[in-house]
Amino acid sequence: MTKRIANRMAQISPFYVMALLQRAKELEQQGKDIIHLGIGEPDFPTPKLVAKAGMELIATGEVKYTAAAGLPQLRERIAQFYQETYGVKVAKERIFITPGASGAFLLALGASLNPDDEVLMSDPCYPCNSNFVSLFNAKTRFVPVNAASDYQLTADAIKAHWQPYTKGVLIASPSNPTGTLIKAAALQQAIAQTSALGGCFFSDEIYHGLVYDGQATTALQFSDDVFVINSFSKYFGMTGWRIGWLIVPEVFIEPVEKLAQNLFIATSTASQYAALAAFEPETILELERRRVEFSKRRDYLYQALQSLGFTLETKPEGAFYIYANCAKFTNDSFQFARDLLETVGVAVTPGKDFGNHAENHYIRFAYTTSIERMAVAIARIHDFIGRL
Ligand SMILES: Cc1ncc(COP(=O)(O)O)c(C=O)c1O
């Protein structure tokens, strides 16, 4: 029987938090009150104008395929967004509309990786991207990182870990699970180092826009020879619409277009029309209000976790995560997460979802719920820790 399953499936890791989420749902069905600090999804609804634009398109009944690369007006609008936000010029031909950042990664990695190639990623990092690498029969070389480099890969680490089969480097800033940003100079050096070694640079910028201190820098500020992956999921509050974008180096336009035609034909047409409204001033105003709210939540949770005794090695500057060291309470953060859910109804994500580097000593908290609910969660965690 198992012979029918592809060998590569052994390399694809499950998302452990999904098992916890499933259990949380069961407990909720039994009438228990669960506070969700595990989910990496904004709790805010799709912005009104965005939902309206999507519904208007659906109401016309003209919901046909678009070009594989996406609606020309959306690609143009994204190019304009880069000019306005970062002062960089991007040719619209280099911009592909994709089914989320996930679709963007499939295209970028599919068009650049040969079997047995390696991609360097930080440990901890968001797990799906390395599973995509495995899907193309390539490998991920995880590089342990810590607070000293803001949990980001440095140019020196890239050079030290580069192997004959290394094909590229993937950096995510702000990072999931740590919420930390790579500094502009460090990003520039990492890109230059990768370029000197002849590799591809993949910059996951999905949490841009959700930055509370300092400013996020796009890889495009330093080079045109980079892949930039972004999405309408997080800052724009459109997770379920499955829409994002990919910017490719010029030589990859043709290969990525071919792959997009075959993998997706096109991204959801209603989502593309909806996304056009994501850049309207009224929408941006609402999204900026949400950003301020996330910033307040971050400050609240950061302080509250510290007073509970968690060790916070950096202050996260973006995304909506705090990666807390819980070594004071446990040597098994997965069990800790399970017990926290079962006994006091608080759902969090265990470190082992993000890598193998000291993973048993970390928990990711997502501040994707209100301060009022987080306050209840903190009181419950206080009780739980008191009973250990
Ligand atoms: C760092 C990172 N990259 C990519 C994704 C994929 O996002 P989507 O496919 O919803 O755009 C996520 C989702 O949580 C993420 O955290």
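Looking at the overall build of the chain
Helix and strand counts for the chain come out as 12 helices and 12 strands. Over its C-alpha trace the chain gives a radius of gyration of 21 Å, about what one expects of a compact globule, namely 21 Å for 388 residues. Expressed as lengths along the three principal axes of its C-alpha atoms, the size of the chain is roughly 60 × 55 × 50 Å. Counted over contacts in the chain with a minimum sequence separation of 6, partners at least 24 positions apart contribute 74%.

Re the site of the ligand
Around the ligand sit 13 residues in total, of which Gly100, Ala101, Ser102, Ser231 and Ser233 are the nearest. It is helix α4 (residues 100-112) that contributes the most residues to the shell around the ligand, three residues altogether. For the shell around the ligand, the per-class residue count stands at four nonpolar, eight polar and one charged.

Details of the pairing of strand β7 (residues 227-231)
Burial of β7 is extensive: five of the five residues sit out of reach of the surface. Summarising the sheet, strand β6 (residues 200-204) and β7 pair through three bridges and their orientation is parallel. Residue pairing for β7: Asp204 is matched across the bridge by Ile229.

Remarks on the sheet that holds strand β11 (residues 349-350)
Spatially, β9-β12-β11 is the arrangement adopted by the three strands of the open sheet, whose pairing is antiparallel. Edge positions in the sheet fall to β9 (321-325) and β11, since each of these pairs with one other strand and no more. With respect to the sheet, helix α10 (residues 281-308) is in contact with β9 and β12 (362-366), its orientation differing from that of β9 by roughly 10°.

Things to note about the nonpolar core
Nonpolar side chains tend to gather and get buried jointly when the protein is soluble and globular. With 110 residues, the main nonpolar core has Phe96, Ala108, Phe227, Ile229, Leu246, Val346 and Phe365 as its most contacted residues. By residue number, the principal contributor to this core is α4, which donates eight residues. If we skip the residues at most four places from it in the chain, Phe96 touches Ala69, Gly70, Leu107, Trp245, Leu246, Val248, Val256 and Ala260.

Digging into the domain arrangement of the chain
Partitioning the chain into domains gives domain 1 (2-45 + 283-381) and domain 2 (48-279). The distance between the C-alpha centroids of domain 1 and domain 2 comes to 24 Å. Mapped onto the side of domain 1 that touches domain 2, the elements with two or more residues apiece are α10 and β9. The element best represented in the side of domain 1 that touches domain 2 is α10, accounting for seven residues. Residue classes in the side of domain 1 that touches domain 2 are distributed as 14 nonpolar, 11 polar and eight charged.

What about the packing of α4 against helix α5 (residues 128-135)?
Two numbers describe how α4 lies on α5: the axes approach to 10 Å, and their chain directions differ by 40°. Taken together, the axes of α4 and α5 lie oblique to each other. Classified by chirality, the crossing of α5 by α4 is right-handed. Between α4 and α5, the residues in contact are Ser102, Phe105, Leu106 and Leu109 and Cys128, Asn129, Phe132 and Val133, respectively.

A look at the pairing of strand β3 (residues 118-123)
Taken residue by residue, a regular strand's side chains alternate between the two faces of the sheet. Burial of β3 is extensive: five of the six residues sit out of reach of the surface. After leaving β3, the chain enters α5 and then returns to the sheet as strand β4 (residues 139-144), a path that is right-handed. Pairing of β3 with strand β5 (residues 166-172), which is carried by three bridges, proceeds in the parallel orientation. Residue pairing across strands places Leu120 opposite Val169, the latter belonging to β5.

Brief notes about the environment of Tyr212
Within the secondary structure, Tyr212 sits in the loop between β6 and β7. On the neighbour-count criterion, Tyr212 (21 C-beta atoms within 10 Å) is buried. In this structure the C-alpha to C-alpha distance between Tyr212 and Glu317, which are 105 residues apart in sequence, comes to 5.5 Å. With residues near it in sequence (within four places) discarded, Tyr212 still touches Ser295, Arg298, Glu317 and Gly318.

Section: unusual backbone geometry
A cis amide bond links Asp123 with the next residue in sequence, Pro124, at an omega value of 15°. You can see Pro124 is positioned in the loop between β3 and α5. Backbone geometry places Arg242, a non-glycine residue, at a positive phi of 55°. Here Arg242 is to be found in the loop between β7 and β8 (244-247). For Arg242, a count of 17 C-beta atoms within 10 Å gives the class partly exposed. Here Ala358, not a glycine, exhibits a phi torsion of approximately 55°, which is positive. Inspection of the secondary structure puts Ala358 in the loop between β11 and β12.

Conventions used here
- Residues numbered from 1 in each chain as written.
- Predicted model: local features only at pLDDT ≥ 70, side-chain atom pairs only at ≥ 80, totals over all residues.
- Helix = DSSP H or I, 4+ residues; strand = E, 2+ residues; numbered from the N terminus.
- Rg over C-alpha atoms; globule rule 2.2 N^0.38 Å.
- Contact = placed C-beta atoms within 7 Å.
- Near = placed C-beta within 6 Å.
- Nonpolar A, V, L, I, M, F, W, Y, C, P; charged D, E, K, R; others polar.
- Buried ≥ 20, exposed ≤ 12 C-beta atoms within 10 Å, placed from the backbone.
- Pairing = 2+ DSSP bridges.
- Axes fitted to C-alpha atoms, helices over the stretch in contact; angles between N-to-C directions.
- Core = buried A, V, L, I, M, F, W, Y, C linked by C-beta atoms within 7 Å.
- Domains from an automatic or database assignment.
- Parallel < 35°, antiparallel > 145°, perpendicular 65-115°, else oblique.
- Left-handed = near helix turned anticlockwise from the far one by under 90°.
- Right-handed = clockwise from strand over helix to strand, strands pointing away.

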